[in-house]
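Summary of structural features
Spelled out from the first residue to the last, the chains are:
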Amino acid sequence: MNKQTDTDVIINGKKYTLTGYESNDYMQRVASYLNDKCAQMAQQADFRYFDKETQNILIQLNIADDFFKLKALMKHKETDSDTKDNEIMDLRHEIIALQTKLGECEKELEQAKEKFYEEEKKNIRLETELREAKKGAEQLAKERRVDLLIEGEKKETKTMWLPPEVGGNFSKLP
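Residues numbered from 1 in each chain as written. Predicted model: local features only at pLDDT ≥ 70, side-chain atom pairs only at ≥ 80, totals over all residues. Heavy atoms only, no water.

1. As for the overall build of the chain
Across its full length, the chain holds two helices and four strands. From first element to last, N terminus to C terminus, the chain shows the α and β order β-β-α-α-β-β. Counting only residues that meet the buried cut, the chain has 11% of its 174 residues in that class. The contacts in the chain between residues at least 6 apart in sequence include a share of 19% that link residues at least 24 apart. When the accessible surface of the chain is totalled, it reaches about 15,200 Å², and 55% of it is carbon and sulfur. (Helix = DSSP H or I, 4+ residues; strand = E, 2+ residues; numbered from the N terminus. Buried < 20%, exposed > 50% of the residue type's maximum accessible area, 1.4 Å probe, protein only. Contact = heavy atoms within 4.5 Å. Areas by Shrake-Rupley, 256 points an atom, 1.4 Å probe, with all protein chains shown as cover.)

Given below as structure tokens:
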């Protein structure tokens, strides 16, 4: 605990010794505040016509008014601070929820990519099989043409159907 100190101050033109546990600087600021209030009240036109007791009461009322206004302002700031703290807490919860949702979306995206790549592989495999089937069908068609040509020498021209996969349609063989 701080030790008790004595501080000489001048308030409204008179010297006083203040004793307390606050610093000398703090006590000087309190005395300065009182002097400012006295000077502020003395500047008002009708103030000097009041007796000393009424003047002191008016100064005390003015100080009390400052006190209650500052107290109300402090309460308002605390309420604002509490409101902002609540908003911050809500935003933090929202951030956590959004981060969780983002993680889920990223997981779904990764699964969709994997499925896409699997489907792409399947498409490539099927396209390869189709190309090979077309080549096989073309080869088979060529072989049949040769057979038909050989037989065609003995018989009339024959008609053959080629599958559409190999670009076929009904055509007459030479």
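2. Re the confidence of the model for the chain
Per-residue confidence for the chain gives a mean pLDDT of 86; residues scoring 70 or more make up 83%. Low pLDDT (under 50) marks residues 170-174, which in the prediction has 13 contacts with non-local residues, meaning those over four places away or in another chain. (pLDDT = per-residue confidence, 0-100.)

3. Quick notes on the pairing of strand β2 (residues 14-20)
Looking at chain direction, strand β1 (residues 5-11) and β2 are connected through seven bridges and run antiparallel. Across the sheet, the residue bridging to Val 9 is Tyr 16, located in β2. Between β1 and the antiparallel strand that follows it, β2, lie two residues; Asn 12 among them carries a positive phi value of about 55°. (Pairing = 2+ DSSP bridges.)

4. Digging into unusual backbone geometry
For Asn 12, which is not glycine, the phi torsion reads 55° and is therefore positive. Among the structural elements, Asn 12 can be located in the loop between β1 and β2.

5. Some details on the layout of surface pockets
Of the voids in this model, the largest pocket is the one considered here, and its volume is about 280 Å³. What lines the largest pocket is a set of 14 residues, among which Asn 12, Cys 38, Gln 55, Asn 56 and Ile 59 lie closest to the centre. Among the elements of the structure, β2, α1 (24-42) and α2 (52-154) are those that each provide at least two residues to the lining of the largest pocket. For the lining of the largest pocket, the leading source of residues is α2, giving six residues. (1 Å grid on protein atoms, 1.4 Å probe; cavity = no way out; pocket = protein on both sides within 12 Å on 5 of 7 lines; lining within 4 Å. Points joined across faces, edges and corners; volume = space filled by probe spheres on them.)

6. Points about the packing of aromatic side chains
Summed over the entire model, instances satisfying the criterion amount to two aromatic pairs. Relative to Phe 68, the ring of Phe 67 lies with its centre 5.2 Å away and its plane at 75°, an arrangement referred to as edge-to-face. (Phe/Tyr/Trp six-rings, centres within 6.5 Å; stacked < 30°, edge-to-face > 60°.)

7. What about α1?
When the terminal C-alpha atoms of α1 are compared, their 27 Å separation across 19 residues agrees well with the 27 Å that a helix rising 1.5 Å per residue should span. The complete set of buried residues in α1 reads Met 27, Ala 31, Lys 37, Cys 38 and Met 41. Down the axis of α1, the smallest arc covering the buried residues is 115°, so these residues share one side. Looking at α1, the residues exposed on the side facing more than 90 degrees away from the buried face are Asp 25 and Asp 36. (Expected span 1.5 Å × (residues − 1). Arc of directions from axis to C-beta.)

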